[in-house]
Amino acid sequence: MKRAIIAAAFVLLGFVSPGVANAETPPGCASAGQIGSTAYIKWRGDNIASVKQFAGCGYNWAYVYVWESFRATGRYWGTQTAIGIYSSATDRTPNSHKGGNSDQFAPVELWSKKTATTTQCTAAYGMVSVQQDDNYTAYTNVRC
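Attention here is on the structure that accompanies the text.

### Description of the packing of aromatic side chains
Then step 1. Tallying each qualifying case throughout the model produces eight aromatic pairs.
Then step 2. Taken together, the ring pairs in this structure connect Trp43, Phe70 and Trp77 into an aromatic cluster.
Then step 3. Stacked on the ring of Tyr59, the Lys or Arg Lys114 has its end atom at 4.5 Å from the ring centre.

Below, the structure written as structure tokens:
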């Protein structure tokens, strides 16, 4: 009985269900859409944020959305995002980052600055810095 109650609490808090971002339109380009798959930032084994890459209007953007289940923990966090630039689709480490944006005041969602990188291999990078803990990161898949 006790385990069933705990399991139900985890489902209600969103620790076991995938997150859905609220607004997904980059600033200044309503026609942009997501490219590639969504990546997930984990903290203590749980997904706490989604990371996505968008393309449109000749630009790329990275996007991070911090899940309600994590926000409900009462922890303070900061967020950072950028577009990672790669030499090829098989690279696993970016050569550089462009369009970086950060907010140390616990944003629910954060967009990178637009980057003119649609002709390059790119991935979205996201980081959540958790109060008195560490930085947790994720990259989407590389798109060329």
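### A word on the state of the cysteines
Linking two cysteines covalently through their sulfur atoms gives a disulfide.
Then step 1. One pass over the structure, following the stated rule, counts two disulfides.
Then step 2. Note that Cys29 is cross-linked by a disulfide to Cys57, the S-S spacing being 2.0 Å. Judged by the torsion about the S-S bond (90°), the Cys29/Cys57 disulfide is right-handed. Of this pair, Cys29 sits in the loop between helix 1 (2-13) and strand 1 (33-43) while Cys57 sits in the loop between strand 2 (46-56) and strand 3 (59-66), and the two are 28 residues apart along the sequence.
Then step 3. Judged by its relative accessible area of 2%, Cys29 is buried.
Then step 4. In this structure Cys57 comes out as partly exposed when scored by relative accessible area, which is 46%.
Then step 5. Across the disulfide, Cys121 is cross-linked to Cys144 (sulfur-sulfur distance 2.0 Å). One quick way to see it: the torsion about the S-S bond of Cys121 and Cys144 is about 110°, and its sign makes the bridge right-handed. Taken as a pair, Cys121 in strand 7 (residues 121-130) and Cys144 in the segment after strand 8 (135-139) lie far apart in primary sequence, 23 residues in all.
Then step 6. Cys121 gets classed as buried once you look at its relative accessible area, which sits at 10%.
Then step 7. In the protein, numbering the disulfide-bonded cysteines from first to last in sequence yields the connectivity 1-2, 3-4.

### Topic: the side chain of Thr140
Then step 1. Looking at where Thr140 falls in the secondary structure, it is placed in the segment after strand 8.
Then step 2. Within polar-contact distance, the side chain of Thr140 engages the backbone nitrogen of Ala124 at 2.9 Å.
Then step 3. Each residue touching Thr140, except ones within four places of it in the same chain, is listed here: Ser37, Ala39, Val51, Lys52, Gln53, Ala123 and Ala124.

### What about the sheet that holds strand 1?
Then step 1. Across the sheet, four strands lie side by side as 1-2-3-6; this open sheet has antiparallel pairing. Each edge of the open sheet is held by one strand with a lone partner, namely strand 1 and strand 6 (109-111). Each strand axis lies, on average, 20° off the axis of its neighbour in the sheet, ignoring direction.
Then step 2. As judged from the eight bridges shared by strand 2 and strand 3, these two strands associate in the antiparallel manner. Bridge pairing in strand 3 places Val51 opposite Val64.

### Looking at the sheet that holds strand 5 (residues 96-103)
Then step 1. In spatial order, the strands read 5-4-7-8; together these four strands make up an open sheet with antiparallel pairing. Lying at the two open borders of the sheet, with one neighbouring strand each, are strand 5 and strand 8. When the angles between neighbouring strand axes are averaged without regard to direction, this sheet yields 15°.
Then step 2. Pairing of strand 4 (residues 77-86) with strand 5 involves six bridges; the strand directions are antiparallel. From the neighbouring strand, Gln80 faces strand 5, where its bridge partner is Ser102.

Reading the values: the criteria
Residues numbered from 1 in each chain as written. Predicted model: local features only at pLDDT ≥ 70, side-chain atom pairs only at ≥ 80, totals over all residues. Heavy atoms only, no water. Phe/Tyr/Trp six-rings, centres within 6.5 Å; stacked < 30°, edge-to-face > 60°. Lys NZ or Arg CZ within 6 Å of the ring centre and 35° of its normal. Disulfide = S-S within 2.5 Å. Helix = DSSP H or I, 4+ residues; strand = E, 2+ residues; numbered from the N terminus. Buried < 20%, exposed > 50% of the residue type's maximum accessible area, 1.4 Å probe, protein only. Polar contact = N/O pair within 3.5 Å; in protein donor to acceptor, adjacent residues only side chain to side chain. Contact = heavy atoms within 4.5 Å. Pairing = 2+ DSSP bridges. Axes fitted to C-alpha atoms, helices over the stretch in contact; angles between N-to-C directions.

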